[in-house]
Each structure stands twice: as C-alpha cells, then as structure tokens.
Amino acid sequence: MNPALERVLRWFFPRRCALCGTVVALNEPLCPECQKVRPIARPKCLLCGRSKKDCTCKGKHHEYAGVTAPFVYRDSLVTAIHNLKFYDFPMLADYMGDCMAAAVRVDFADVAFDYVAAVPLGRRRRRKRGYNQAELLARRVAGELHIPYADLLEKVRNNPAQRKQNARSRRVNVYGAYAVIDDSALWDKTVLLIDDVKTTGATLNECAKMLRMHGAKAVYAATVAIA
C-alpha cells in the first residue's frame, strides 16, 4: 500500500489489535506483544485449567465438571482483559470468544451442551460499564459452537469485586451472590458457564453450585485466561 495512503487510513480508521485493542499496522491482526501469546500447553488438567505441569488442584473439590481456557493470565492478556472490562473495548470479546470456542471444541469434544450461560454482573456495575463482558464472551462462544445462549443466573448481592480480595476470602465473598432465574430451564441440562478470568475458581464454583442445586446435570466452565 502507498505509505501516504496508509498514514491517512491509519489516522482516520486505525486498526486495533484483535486481542488487546492497541493500534496496529493495517496488515497486522495482533500487536507485537499479543503475537507472543501462546496457548496453555497441553496436556491440560481440566479441573484447574492449567497445563498439567503447572497443576495446583491437590485434590480440591469443584462444583464444575471441568474448566478450560486458551491463555494464561499474564503479560498482554492482563491488558487485553482490563481493556475489555474497564476501558470500553467490547469488540475484543469477538477474538477472545473465538479462542475460547476453539479450546472448548478440543477439551470438551465429547460433551453435548444444552446451553451456554454467563456469570452475571450486578446491575450497578453493568449500568456503569454498559455491558457484561462475560455475556459478550458467552454469546460469541455460543454462536461459534452453535449452542443456545441462555440467561440462567442473576446477581442478587452486590459483593465487593473479587479482584480486590485475597485468595482466602474469595469464596466467602461470593457466597449467596448468585441465584437461578428459572428452575424449569435447568432440569437435566448440561451447561457451559463463561467468565473472563479464572483465578481461584470461587466465582465459577459458586455459580456452578447454584445451577446444579436447581437441576443442572453438569456444569463445565470456560474463561479467556487462567491466573
């Protein structure tokens, strides 16, 4: 492309990295930092989502049957997810959702899902943010996998943000924060639950517990990244 034309196009219509949103050259889908991102090494432990060599399960009980993610939460992935959540870059959910769908296809290839659902966001935070990033991801994953999306959970308690809690207090912080919207929609169903990041797994665990208590046969989880 003519360098002068490229400068004009870049000024008026800047292309952004599909993963983190940084402005990139017109012929580059990802910025240099995001090009360095590699998927979580296989084989994976599907109880914690990490590569088996980094597994930290140690016999812990999980309410979900398995969890997967394409990436580790570090380097440019931290910037990418912060941009999605806090800096009004909802379009980043498309690429992230595609990567999540690819991981689900491989790691849960033998699972027949009835619904894809999102970890809900409280009304106050959703109003401030304008969207629920987990729902954007879930809808993208549902479309890619040709599975119905459903709003199965709602936030019923405005607990402090999980990112502000230490590992020990996260489970207590989310206790009783979520409720099932419609019991009848869940009976004997297998659900793929979507969130942006899995750190300790406390949020996914609490949501999966509620879904199973109200009739879900099994709950699996997928996130963009594992901390």
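Rules behind the numbers
- Residues numbered from 1 in each chain as written.
- Predicted model: local features only at pLDDT ≥ 70, side-chain atom pairs only at ≥ 80, totals over all residues.
- Heavy atoms only, no water.
- Salt bridge = Lys/Arg side-chain N within 4 Å of Asp/Glu carboxyl O.
- Helix = DSSP H or I, 4+ residues; strand = E, 2+ residues; numbered from the N terminus.
- Buried < 20%, exposed > 50% of the residue type's maximum accessible area, 1.4 Å probe, protein only.
- Axes fitted to C-alpha atoms, helices over the stretch in contact; angles between N-to-C directions.
- Parallel < 35°, antiparallel > 145°, perpendicular 65-115°, else oblique.
- Left-handed = near helix turned anticlockwise from the far one by under 90°.
- Contact = heavy atoms within 4.5 Å.
- Nonpolar A, V, L, I, M, F, W, Y, C, P; charged D, E, K, R; others polar.
- Core = buried A, V, L, I, M, F, W, Y, C linked by side-chain atoms within 4.5 Å.
- Pairing = 2+ DSSP bridges.
- Polar contact = N/O pair within 3.5 Å; in protein donor to acceptor, adjacent residues only side chain to side chain.
- Expected span 1.5 Å × (residues − 1).
- 1 Å grid on protein atoms, 1.4 Å probe; cavity = no way out; pocket = protein on both sides within 12 Å on 5 of 7 lines; lining within 4 Å.
- Points joined across faces, edges and corners; volume = space filled by probe spheres on them.

Let us now look at the pattern of salt bridges. Going through the model one piece at a time under the given rule, you end up with 12 salt bridges. One salt bridge connects Asp-98 with Arg-140, and the closest N-O pair in it is separated by 2.8 Å. Of this pair, Asp-98 sits in helix H4 (residues 92-107) while Arg-140 sits in helix H6 (residues 133-145), placing them 42 residues apart in sequence. In this structure, Arg-126 engages Glu-135 in a salt bridge whose closest nitrogen and oxygen atoms are separated by 2.8 Å. Judged by relative accessible area, Arg-126 falls into the partly exposed class, the value being 34%. When its relative accessible area of 12% is taken as the criterion, Glu-135 is described as buried. Through salt bridges with shared partners, one network takes in Arg-42, Lys-44 and Asp-107.

Relative to each other, helix H3 (residues 76-86) and H4 sit at 125 degrees, their axes nearing to 10 Å. Looking at the two axes, H3 sits oblique to H4. Considering how the two elements wind past one another, H3 and H4 form a crossing that is left-handed. Facing Ala-80, Ile-81, Asn-83 and Leu-84 of H3, the residues of H4 in contact are Leu-92, Ala-93 and Met-96. A per-class count over the contact of H3 with H4 returns six nonpolar, one polar and no charged.

Nonpolar side chains tend to gather and get buried jointly when the protein is soluble and globular. The biggest cluster of nonpolar side chains holds 42 residues, and the ones touching the most others in it are Leu-19, Met-96, Leu-192 and Ile-194. When residues of this core are traced back to their parent elements, those giving at least two are H3, H4, strand S5 (115-118), H6, strand S8 (190-198) and strand S9 (218-226). At seven residues, the largest contribution of residues to this core is made by H4. With residues up to four places along the chain from it excluded, the contact list for Met-96 reads Leu-19, Ala-80, Ile-81, Leu-84, Leu-137 and Val-224. Membership of the second largest hydrophobic core comes to 24 residues, among which are Leu-186, Leu-204, Ala-208 and Met-210.

With that settled, consider the pairing of S5. A two-sided burial pattern is seen for S5, the buried positions comprising Tyr-115 and Ala-117 on one face and Val-116 and Ala-118 on the other. With four bridges connecting them, S5 and S8 associate as parallel partners. Across the sheet, Val-116 pairs through a bridge with Leu-192, a residue of S8.

Tracing the chain through its elements places Glu-63 in the loop between helix H2 (32-35) and strand S3 (66-68). A polar side-chain atom of Glu-63 sits 2.9 Å from a polar atom in the side chain of Arg-212. The contact partners of Glu-63, leaving out residues within four places of it in the chain, are Asn-205, Ala-208, Lys-209 and Arg-212.

The first and last C-alpha atoms of helix H8 (residues 202-213) sit 16 Å apart over 12 residues, in line with the 16 Å expected at 1.5 Å per residue. Within H8, 10 of the 12 residues are buried, leaving the element largely enclosed by the surrounding structure. Directly beyond the C-terminal end of H8, a positive phi value near 115 degrees is found at Gly-215.

Taken as a whole, the second largest pocket spans an internal volume of roughly 350 Å³. Here the lining of the second largest pocket is composed, by residue class, of eight nonpolar, three polar and eight charged.

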